[in-house]
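Here is how the chains run, residue by residue.
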Amino acid sequence: MGAQLRLLRRRITSVRSTAKITRAQELIASSRIVRAQQRMQAALPYEREITRAVTGVVSNAASVDHPLTVAKDNPAKAGVLIVTSDSGFCGGFNANVLREAEALRGLLEGRGLAVTPFVTGRKGVTWHSFRNREMGGSWVGFSRKPAYADAKEIAAMLIESFKDENGIDEIHIVSTEFVSMLSQNVVVKRILPLEVEETEATESTTIPPYFEFEPTAGDVLESLLPRYVESRIFTALLQSAASEEAARRRAMKSATDNANELMRVLTQQMNQARQAEITQEISEIVGGANALADAAAGKE
Amino acid sequence: MVIAKTVDGEIGIMPQHAPVLGVLVEGGVLRVKREGEDELVAAVHGGFISVADDEVSVLAEVAELGSEVDVAAARDALDRAQASIEANQEDADAAVEAQRARARLRAAGEEV
């Protein structure tokens, strides 16, 4: 067997095993998207209710000021929560988030703010530590399956540094929004100071004209707002988890497709090489036979 | 009728109740009395109760239906929490734990 033929055979074997791996990854990601979507769905009622409650308080008690809702004069520091994934193999998922975070950083620095990144997900943490960027906080290990406790931990840290006099004056979040299986967008939102945002689902529900508070509107707000921030962060984590799996599925699908295409081209080349070898062997045999026949004819 | 425990005390909500937003206590028991059906009891730890449009929503950080409470585990948790309170009077975590365990037991219909 010729050297070229052997080389092609070896490459085909290697591409085939790569395709098997990427195909398996694609299937795993597909099944995980479904579960991630279910978790997103499960968190929706809580988010809807808490948004409704916050909207109720704010619209009923306009006079209530809370440290978390008041924008600080002369903001000097900003925090950015960047939600990335723990593992790779998901195409441009993390690159997109980090690019958007860099753009936001530029924008905030243009306004004269010092930016502190808070990062979740191993990929984002590595990205920052590789560039020697100091992080205000980092969390890893739950990007695929975030628990409410994780969101609570992050929110507690952000709220604490926001309440601190010399701490952060505004907090933004950069994460990936899960629109559908095929489309996920990187979104940038400001979470503190709070802007009460109505989600689409609550638009139809009317807010009652008045509310009684137990014990007082201020106390209710005091314990309601941190929960609201937690819920917003939790939603971002869940959406990011679903988006991560969707991005991974897509990346793995195109990797499998590419591997199959490569296998097709290589097989064709291999067949050509094999045929060329056979043709050469035949012409060598024929040439040899002719030479022998000529030599025999010359003797006579 | 819904009975819950807010930081101000017990609150009972009947149909047509005025809109209310209350903060629930840590380790409270929530009861829902239903017509023609069994009473629904749940252990609720922290969170809110909101009443609007003749609809009661309870937003709890952690909640557990009385029928789903693992009584042995709850009793075990209560014993452990009480032991650490006895060892250290200022143990705030253990006090909360004990309160939670008590609420779970009460929701399950156990005497505490």
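Residues numbered from 1 in each chain as written. Chains lettered and ligands numbered in written order. Predicted model: local features only at pLDDT ≥ 70, side-chain atom pairs only at ≥ 80, totals over all residues.

Per an unreviewed UniProt entry, chain B carries the name ATP synthase epsilon chain and comes from Nonomuraea roseoviolacea subsp. carminata. Among the UniProt annotations of chain B, the heading Function (unreviewed entry) holds the following wording: "Produces ATP from ADP in the presence of a proton gradient across the membrane." Listed under Subunit (unreviewed entry) in UniProt, the entry text for chain B is "F-type ATPases have 2 components, CF(1) - the catalytic core - and CF(0) - the membrane proton channel. CF(1) has five subunits: alpha(3), beta(3), gamma(1), delta(1), epsilon(1). CF(0) has three main subunits: a, b and c." (UniProt positions renumbered as here; feature names shortened; annotations may be inferred.)

Chain A has the name ATP synthase gamma chain in an unreviewed UniProt entry, where Nonomuraea roseoviolacea subsp. carminata is given as its organism. Within the UniProt record for chain A, the comment given under Sequence similarities (unreviewed entry) is "Belongs to the ATPase gamma chain family."

1. Focus: the overall build of chain B
Along chain B, the regular secondary structure elements total 2 helices and 6 strands. Starting at the N terminus, the α and β elements of chain B follow one another as β-β-β-β-β-β-α-α. Overall, chain B is about 50 × 30 × 20 Å in size when its C-alpha atoms are taken along their principal axes. Taking all 112 residues of chain B together, 34% fall into the buried category. (Helix = DSSP H or I, 4+ residues; strand = E, 2+ residues; numbered from the N terminus. Buried ≥ 20, exposed ≤ 12 C-beta atoms within 10 Å, placed from the backbone.)

2. A word on unusual backbone geometry
All names here are of chain A. Backbone torsion omega between Leu-192 and Pro-193 reads -10°, so that peptide bond is classified as cis. Among the secondary structure elements, Pro-193 is positioned in the loop between strand S5 (184-192) and strand S6 (212-214). You will see that Asn-132, though not glycine, has its phi angle at about 55°, which is positive. Note that Asn-132 resides in the loop between helix H3 (122-130) and strand S3 (137-139).

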